[in-house]
Amino acid sequence: MSAPAGRPERDDWATLAEGAIGLGCVLVFISLFLTWKTLTISDKQEYHSSVTLGSASGLNSWGILTLVFLLVTAAVFLSGFVSLGRFLERLPVPHALVFTLGGAGELVTILLFSHHYQGSLKFGFGMALVGAAITFLAGVVALLRPQAASAPRRPYDHSAQGPSSAG
C-alpha cells in the first residue's frame, strides 16, 4: 500500500520509534517531579549511624540539565505533530540525531546526579533512567531507519486527492 501523494511511506519501525520517543519523554518529564534520592549524612566509621536530611528530585543539581535535554528532545518530537514554527522543521541535522543525542544527554546527566549526592536511589530515579534509555534507543532505531525520522506524522490533509475510482 502506498502513501498518499506528497507523504513518504512509513513502516512499523518508524511508528514504534516515534511512540517510544514520546513515551521516553513523558517518563522523564514525570520523573522530574518525583524523588530521585534521599539525602543522608553518615558517619559509619565512628558512630555507625546516618542521618536523613531530606530528598532530592530531578529538579536539583544535574537534573536541571536533564530537563534541558528533555525540552530540546520534546520540542523536536512535537514539531512532527503540531506547528512549532519553521525553525524546527529546518534543523541542519536529522531529527533522529537530536533524539539520540538528547537521550544520551539525559542518561549522562541522570547518572551524574546519582553520584552527586550521598543517599539511596528512589523510584523517580529509576523512572528517569528507563525513560532516557527508551528515548536514546528509539533515537538509534530512528537513525538506522531513516524514514522513522524523515517522515514525521502530520494531520492528514483532507484536500489531497486520493486515487480516483473512475476508470
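Each chain carries its own residue numbering, running from 1 in the direction its sequence is written. Residues qualify for local features only when their pLDDT is at least 70, as the model is predicted, and side-chain atom pairs are given and counted only at 80 or more; totals for whole chains, interfaces and linings, by contrast, use all residues. Side-chain numbers come from the whole structure's heavy atoms, not from hydrogens or water.

Enquirer: So what exactly am I meant to see when it comes to the overall build of the protein here?
Expert: For the purposes of this entry, the term helix denotes a DSSP run of H or I that reaches at least four residues, the term strand denotes a run of E that reaches at least two, and both are numbered from the N terminus. Across its full length, the protein holds six helices and two strands. Counting helices and strands in the order they occur from the N terminus, the protein gives α-β-β-α-α-α-α-α. Burial classification: accessible surface area is computed with a 1.4 Å probe over protein chains only, and a residue below 20% of its type maximum counts as buried, one above 50% as exposed, and the rest as partly exposed. Counting only residues that meet the buried cut, the protein has 34% of its 167 residues in that class. Computed with a 1.4 Å probe, the accessible areas rest on the Shrake-Rupley method; for each residue, only the protein chains presented here act as cover. Of the roughly 10,100 Å² of accessible surface on the protein, a fraction of 66% belongs to carbon and sulfur atoms.

Enquirer: Could you clarify how one ought to interpret the packing of helix H1 (residues 12–31) against helix H2 (residues 63–78) in this entry?
Expert: How two helices pack is summed up by the angle between their axes together with the distance between the axes. Following both chains from N to C, one finds H1 and H2 inclined at 145°, their axes separated by 10 Å at the closest point. Two packed elements cross with a definite hand, and for H1 against H2 that hand is left-handed. Contact residues: Glu18, Ile21, Gly22, Cys25, Val28 and Phe29 in H1; Thr66, Leu70, Thr73, Ala74 and Phe77 in H2. For this scheme, ten residues count as nonpolar: Ala, Val, Leu, Ile, Met, Phe, Trp, Tyr, Cys and Pro. Four count as charged, namely Asp, Glu, Lys and Arg, and the remainder, Gly too, count as polar. Residue classes in the contact of H1 with H2 are distributed as seven nonpolar, three polar and one charged. Inter-axis angles, ranging from 0 to 180 degrees, are taken between N-to-C directions of lines fitted to C-alpha atoms, where helices are fitted over the stretch in contact. Rotating anticlockwise by less than a right angle from the far helix to the near helix defines a left-handed crossing, while the corresponding clockwise rotation defines a right-handed one. Contacts between residues were defined by any pair of non-hydrogen atoms, one from each residue, lying within 4.5 Å.

Enquirer: What exactly am I supposed to notice about the packing of aromatic side chains here?
Expert: To pair, rings of Phe, Tyr and Trp, with the six-membered ring standing in for Trp, must have centres within 6.5 Å; the planes then decide the type, stacked if under 30 degrees apart, edge-to-face if over 60, and tilted in the middle. Applying the stated criterion to the full structure yields four aromatic pairs. Ring centres of Trp36 and Phe113 lie 4.8 Å apart, and the angle between their planes is 80°; this geometry places the pair in the edge-to-face category. Note that Trp36 is positioned in strand S1 (residues 35–43) and Phe113 in helix H4 (residues 95–116), a separation of 77 residues in sequence. On the accessibility criterion, Phe113 (0% relative accessible area) is buried. With centroids separated by 6.4 Å and ring planes inclined at 65°, the aromatic side chains of Phe77 and Phe99 adopt a geometry described as edge-to-face.

Enquirer: Explain H1 to me, please; I cannot follow it from the model alone.
Expert: One turn of the α-helix equals 3.6 residues, which is why residues spaced by three or four share an orientation. Any helix carries an expected span of 1.5 Å times its number of residues minus one. Spanning 20 residues, H1 covers 28 Å between terminal C-alpha atoms, matching the ideal 28 Å at 1.5 Å per step. Among all positions of H1, only Ala14, Ala17, Glu18, Ile21, Gly22, Gly24, Cys25, Leu27, Val28 and Ser31 are buried.

Enquirer: Honestly, the packing of H2 against H4 in this entry has me stumped. Any pointers?
Expert: Contact pair H2 / H4: the axes reach a minimum separation of 8 Å and the direction vectors enclose 165°. The angle between H2 and H4 falls in the class roughly antiparallel. With respect to the hand of their crossing, H2 and H4 are arranged in left-handed fashion. Residues Gly63, Leu65, Thr66, Phe69, Leu70, Val72, Thr73, Val76 and Phe77 of H2 form the contact with H4, whose own contacting residues are His95, Val98, Phe99, Leu101, Gly102, Gly103, Gly105, Glu106, Thr109, Ile110 and Phe113. Of the residues in the contact of H2 with H4, the class split is 11 nonpolar, eight polar and one charged. Throughout this description, any angle smaller than 35 degrees is read as roughly parallel, any larger than 145 degrees as roughly antiparallel, any in the 65 to 115 degree range as roughly perpendicular, and the remainder as oblique.

Enquirer: For this particular structure, what's the right way to read the environment of His115?
Expert: Inspection of the secondary structure puts His115 in helix H4. Between the C-alpha atom of His115 and that of Trp62, which follows or precedes it by 53 residues, the distance is 9.9 Å.

Enquirer: How do you make sense of unusual backbone geometry when you look at a structure like this?
Expert: Note: most residues except glycine have negative phi, and most peptide bonds are trans. Phi is positive for Ser61, which is not a glycine, with a value near 55°. With respect to the element layout, Ser61 can be found in the loop between strand S2 (49–57) and H2.

Enquirer: What exactly am I supposed to notice about the nonpolar core here?
Expert: Across soluble globular proteins, you tend to see nonpolar side chains buried next to one another. Nonpolar cores are built from buried Ala, Val, Leu, Ile, Met, Phe, Trp, Tyr and Cys residues. Side-chain atoms within 4.5 Å join them into one set. Counting residues in hydrophobic clusters, the biggest one holds 20 residues, and the most contacted among them are Ile21, Trp36 and Ile110. Those elements that place two or more of their residues in this core are H1, S1, H2, H4 and helix H5 (123–144). Of all the elements, H4 adds the most residues to this core, at five residues. Setting aside residues no more than four positions away along its own chain, Ile110 makes contact with Trp36, Thr66, Phe125, Ala128, Leu129 and Ala132.

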